[in-house]
Amino acid sequence: MTKLSPSVPRIAVYPGSFDPVHNGHVDIIERGCPIFDEVIVAVLNNTSKDPLFSIDERVEMLREVLAGHPRCRVQSFSGLLVDFMREIGARTIVRGLRAVSDFEAEFQMALMNRRLDPRVETVFLTPKEEYSYLSSRLTKEVFLLGGDLEGLVPEAVLERMRERVKRLK
Ligand code: ADP
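Before going into details, it helps to say that this report is about the structure given with it. As the structure is a prediction and not an experimental result, all values here were calculated from the model. Positions within a chain are numbered from 1, following the residues in the order the chain's sequence is written. Given that the model is predicted, a residue must reach a pLDDT of at least 70 before its local features are reported, and side-chain atom pairs must reach 80 or more before they are shown or counted; all residues, however, enter totals for whole chains, interfaces and linings. Hydrogens and water molecules were not included; the side-chain quantities draw on all heavy atoms of the structure.

## Quick notes on the pattern of salt bridges
This is how the line gets drawn: We define a salt bridge as a side-chain nitrogen of Lys or Arg found within 4 Å of a carboxyl oxygen belonging to Asp or Glu. Helix and strand assignments come from DSSP, with helices taken as H or I runs of at least 4 residues and strands as E runs of at least 2, each series counted from the N terminus. Relative accessible area decides the class of each residue, using a 1.4 Å probe on protein chains only: under 20% of the type maximum gives buried, over 50% gives exposed, and in between gives partly exposed.
A full pass over the atoms with the stated rule returns 16 salt bridges. In this structure, Asp 27 engages Arg 31 in a salt bridge whose closest nitrogen and oxygen atoms are separated by 2.6 Å. Taken together, the positions of Asp 27 and Arg 31, both in helix H1 (residues 23–32) and 4 residues apart, correspond to about one turn of that helix. Taking the relative accessible area as the measure of exposure, Asp 27 reaches 8% and is therefore buried. With its nearest N and O atoms 2.5 Å apart, the salt bridge here joins Glu 57 to Arg 164.

Here you go:
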C-alpha cells in the first residue's frame, strides 16, 4: 500500500460519459469535494458510443454547472483512465454507487484499474436516495418522450436539451 505524505495534494478523478450531466452526478461531486483537495471530473471521449452531446459540449456543460466549486476541474480524456491519472498525478478514482445492481461492474472495474496500476484506489460514494434511480440514459429517454426532468437535471443542461431536441425535429 502506498502512503501519501501530507504535502502531496489528494487529487481524485471522477470519470464518466456525462451525456448529459444530471443531479446524481452533481451530488457525488459535491460529496467528493470536501474529502479531496481537488476533484477532476474526467469526461470520457468514447468514440464507440453515439452521444447526444459532443465531448466539447459535455465538458462545457459540466464547467457551467460546477462553476461555483473551486476545488473541481473538468477535463476530457481518452484511452486508459490509469494513464490519464498518471499524467495529472491522481491516485484516487471516485465512482457513484446507486444500487446493488451497479456493484458487480464497478467491482470488476476497480480491480482491473488496480491491476493496471497498483497505486490507484477506487472510492465509492452513494447519492441522495432521490437520485438513486437516475442515469443519463434514462434522462435522455424521458426527455425525448416529453417527460418533465425538473429537479433531476441542472437548469443549464435542461436548456441545452431543449435546444438539441428542437434541432433534431
Ligand atoms: P450515467 O450512468 O448516468 O450514464 P456515467 O456513465 O457517466 O453516468 O457514470 C459516471 C459515474 O457516475 C459512475 O460512477 C456512475 O455510477 C455514477 N452515477 C451515475 N448516475 C448516478 C446517480 N444517479 N447517482 C450516483 N452516481 C451516479
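## Observations concerning the sheet that holds strand E1 (residues 11–16)
As a reminder, the rule being used: Any two strands with at least two DSSP-identified bridges between them are counted as paired. Only the contacting stretch of a helix is used when fitting its axis, a line to C-alpha atoms as for every element, and angles between N-to-C directions run 0 to 180 degrees.
Spatial strand order, E3-E2-E1-E4-E5: 5 strands in an open sheet with parallel pairing. Looking at which strands have only one partner, the edges of the open sheet turn out to be strand E3 (72–77) and strand E5 (121–125). The sheet shows a mean angle of 30° between the axes of neighbouring strands, taken without regard to direction. Bridge analysis of strand E2 (residues 38–44) against E3 gives 6 bridges, and the strand direction is parallel.

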